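Close look at the chain arrangement
Here are the chains, one letter per residue:
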Amino acid sequence: MDRFGCPGNMREEGFSSSHDHIPRHGFCQMKILFWGTPDYAVPTLEALIESGHTIVGVVTQPDRRRGRGKQLIPSPVKARALDLGCPVFTPERIRKDIEVQQTLKQLNADVSVVVAFGQILPKSVLQQPPLGCWNGHGSLLPRWRGAGPIQWSLLEGDSETGVGIMAMEEGLDTGPVLIEQPLAIGLSDNAEQLSQKLSQLTGELMVKAMGRIAAVGPGPESDRLSRLGVTKQDEKSGTASYARMLKKEDFLVDWKRSALDLHRQVMALYPNTYTHWQGKRLKLRNTEPLIHRLRDQLSTEAQALIGRWPTAGHPAGTVLSCEQNIGLVVSTTGCPLLIRSAQLEGKGTSEGSTMLQQLQASDGMTLG
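Basis of the calculations
- Residues numbered from 1 in each chain as written.
- Predicted model: local features only at pLDDT ≥ 70, side-chain atom pairs only at ≥ 80, totals over all residues.
- Heavy atoms only, no water.
- Helix = DSSP H or I, 4+ residues; strand = E, 2+ residues; numbered from the N terminus.
- Buried < 20%, exposed > 50% of the residue type's maximum accessible area, 1.4 Å probe, protein only.
- Contact = heavy atoms within 4.5 Å.
- Areas by Shrake-Rupley, 256 points an atom, 1.4 Å probe, with all protein chains shown as cover.
- Pairing = 2+ DSSP bridges.
- Phe/Tyr/Trp six-rings, centres within 6.5 Å; stacked < 30°, edge-to-face > 60°.
- Polar contact = N/O pair within 3.5 Å; in protein donor to acceptor, adjacent residues only side chain to side chain.
- Arc of directions from axis to C-beta.
- Patch = residues over 30% accessible without salt bridge, like charges linked within 9 Å, V, L, I, M, F, W, Y side chains within 5 Å.
- Salt bridge = Lys/Arg side-chain N within 4 Å of Asp/Glu carboxyl O.
- 1 Å grid on protein atoms, 1.4 Å probe; cavity = no way out; pocket = protein on both sides within 12 Å on 5 of 7 lines; lining within 4 Å.
- Points joined across faces, edges and corners; volume = space filled by probe spheres on them.
- Nonpolar A, V, L, I, M, F, W, Y, C, P; charged D, E, K, R; others polar.
- Axes fitted to C-alpha atoms, helices over the stretch in contact; angles between N-to-C directions.
- Parallel < 35°, antiparallel > 145°, perpendicular 65-115°, else oblique.
- Left-handed = near helix turned anticlockwise from the far one by under 90°.

What follows concerns the overall build of the chain. Helix and strand counts for the chain come out as ten helices and 15 strands. Across its three principal axes, the chain shows a C-alpha extent of roughly 80 × 45 × 35 Å. Out of the 368 residues belonging to the chain, those deemed buried represent 50%. The long-range share in the chain, meaning contacts at least 24 apart out of those at least 6 apart in sequence, stands at 62%. Surface summary for the chain: the accessible area is close to 17,600 Å², and the carbon and sulfur share equals 47%.

Here you go:
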């Protein structure tokens, strides 16, 4: 075994001296430059380290001012990287920061791994590592390229999502896919829950991907990708879509929409979808659409409420019933929506009877 954890007989002639530990076959400890910013990226960073690779540097977004005190807060990836003793770099705009680009090049990373970094990498950076730049993306490409794939898969009612490990190009999430694994979306899944599932899956798949990438080794990009057996994204199927950045108005409830659309909004934008109640902001945390065809996916309490109210005859946003120990039944353009838990402005999150008491709700009152 050599000092990189690779069997000595796995070396090949022709490798550059700074990357001669990369084998064509078998496991090798690679030098990885990691790019990421939010909580979503942390499990992948941890998984790569736990699997025996060396993180030569972590690139993340600069500290941002957050909270009431507007204190500078490091990104979740930076905080974890410092805990793990990794060198951290925080360029404001990597595309224009030539000095940081040169510093990163001198780290002699074998490969770059990118998970929700938040900036587009320029060609000069993409071409640095001999084994390429690989992105862990939280959707089944080409569905939901760009920002917010998790939120948009929920907003649009997709039955499944997943994770794709793709080779990075200058385009936005357009590169060929090496590994892809689907994940079913349940009616009660919210963005936080789905994000946790996908972030763990991203870490698992990225470790698998690193093994394949190391086994193939360096070489001309086209040859390397061919030997890896990557799959080009299907641009002709009509499934390609971009997950645009969310706007403030996306979080406000419009009670004139259907119960299913409203439920999807609450789940997708958890925990910040809101309406108004007696002049105060009310964030909706957990809902169920009282729709008969979805009966099997609803709670026992919600199932018992289906069909008790007509689908018309009440202005949208009207409280139809205050169900003790359950929640608030509210009219929409079709079937009602059951609000199971919510957070009134200035209060904590409450549910069931506690929520009803906190709201001082009664039949006939309106939201919005």
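Our focus in this paragraph is the pairing of strand E1 (residues 31-36). For E1, the tally of buried residues reaches six of six residues, placing the bulk of the element in the interior. In E1, alternate side chains face the same way, and those of Lys31, Leu33 and Trp35 on one face and Ile32, Phe34 and Gly36 on the other are all buried. Of the pairings in the sheet, the one linking E1 to strand E2 (residues 54-59) comprises five bridges and is parallel in character. Looking at the pairing, Leu33 lines up with Gly57 of E2. As defined by bridge partners, E1 adjoins strand E6 (residues 111-115) across five bridges and the pair is classed as parallel.

With that out of the way, let us pick up the packing of aromatic side chains. A full pass over the atoms with the stated rule returns two aromatic pairs. Note on Trp35 and Phe117: the rings are 5.2 Å apart at their centroids and 80° apart in plane angle, and the pair reads as edge-to-face. With Trp35 in strand E1 and Phe117 in the loop between E6 and helix H4 (123-126), this residue pair connects regions lying 82 residues apart in the sequence. Given a relative accessible area of 2%, Phe117 falls into the buried group.

Within the element layout of this structure, Thr202 appears in helix H6 (residues 191-216). Thr202 gets classed as buried once you look at its relative accessible area, which sits at 0%. In the structure, Thr202 is positioned 135 residues away from Leu337 in sequence and 34 Å away in space, judged by C-alpha atoms. Thr202 has contacts with Tyr40, Thr44, Val115, Gly136, Val163 and Ile165, leaving out every residue within four places of it along the chain. A distance of 2.7 Å separates a polar side-chain atom of Thr202 from the backbone oxygen of Leu198.

On to helix H3 (residues 98-105). If you check which residues of H3 are buried, you get Val100, Gln101 and Leu104. Buried residues along H3 cover an arc of 105° about the axis, so they all sit on one side. Buried residues along H3 sit against E1, E2, strand E5 (88-89) and H4.

On the surface, a nonpolar cluster with roughly 290 Å² of combined accessible area is contributed by Ile120, Leu172 and Tyr242. Structurally, Ile120 is set in the loop between E6 and H4. The class of Ile120 is partly exposed, set by a relative accessible area of 46%.

Summarising the element assignment, Ser75 is placed in the loop between strand E4 (71-73) and helix H2 (76-83). At 2.7 Å, the side chain of Ser75 forms a polar contact with the side chain of Thr60. When sequence neighbours within four positions are dropped, the list of residues in contact with Ser75 reads Thr37, Thr60, Gln61 and Asp63.

Now for the layout of surface pockets. Estimates place the volume of the largest pocket at around 1,400 Å³. Contributing to the lining of the largest pocket are 48 residues, with Pro38, Ala116, Ala147, Gly148 and Pro149 lying nearest its centre. Along the lines of polarity and charge, the residues of the lining of the largest pocket split into 23 nonpolar, 17 polar and eight charged. Its volume calculated, the second largest pocket comes out at about 350 Å³. In terms of lining residues, the second largest pocket is bounded by 17 residues, among which Leu126, Gln127, Met168, Glu221 and Arg224 are the most central. Among the secondary structure elements, those contributing two or more residues to the lining of the second largest pocket are H4, strand E7 (133-137) and helix H7 (221-228).

Attention now moves to the packing of H6 against H7. The angle between the axes and the distance between the axes are what describe a pair of packed helices. With their axes 10 Å apart at the nearest point, H6 and H7 run at an angle of 125° to one another. As the angle between them shows, H6 and H7 are arranged oblique. Of the two elements, H6 crosses H7, and the hand of that crossing is right-handed. Packed against H6, whose contacting residues are Arg212, Ile213 and Val216, the element H7 presents Arg224, Arg227 and Leu228 at the interface. For the contact of H6 with H7, a count of residues per class yields three nonpolar, no polar and three charged.

Backbone hydrogen bonds hold the strands of a sheet together, and the pairing may be parallel or antiparallel. Strand order in the open sheet formed by seven strands is E5-E2-E1-E6-E7-E8-E9, with mixed pairing between adjacent strands. Strands at the two margins of the open sheet, each flanked by one partner only, are E5 and strand E9 (177-184). Packing of H6 onto the sheet brings it into contact with E1, E6, E7, strand E8 (160-167) and E9, and relative to E9 it is tilted by some 155°.

Now for unusual backbone geometry. The peptide bond linking Leu141 to Pro142 adopts the cis configuration, its omega dihedral lying at 10°. Along the chain, Pro142 turns up in the loop between E7 and helix H5 (149-155). Across the junction of Tyr270 and Pro271, the peptide omega takes the value 5°, indicating a cis bond. Along the chain, Pro271 falls in the loop between helix H8 (259-268) and strand E10 (274-277). Unlike most non-glycine residues, Ala116 shows phi in positive territory, near 50°. In this structure, Ala116 sits in the loop between E6 and H4. For Ala116, a relative accessible area of 34% translates into the label partly exposed. Although it is not a glycine, Trp144 sits at a positive phi angle of roughly 60°. Along the polypeptide, Trp144 turns up in the loop between E7 and H5.

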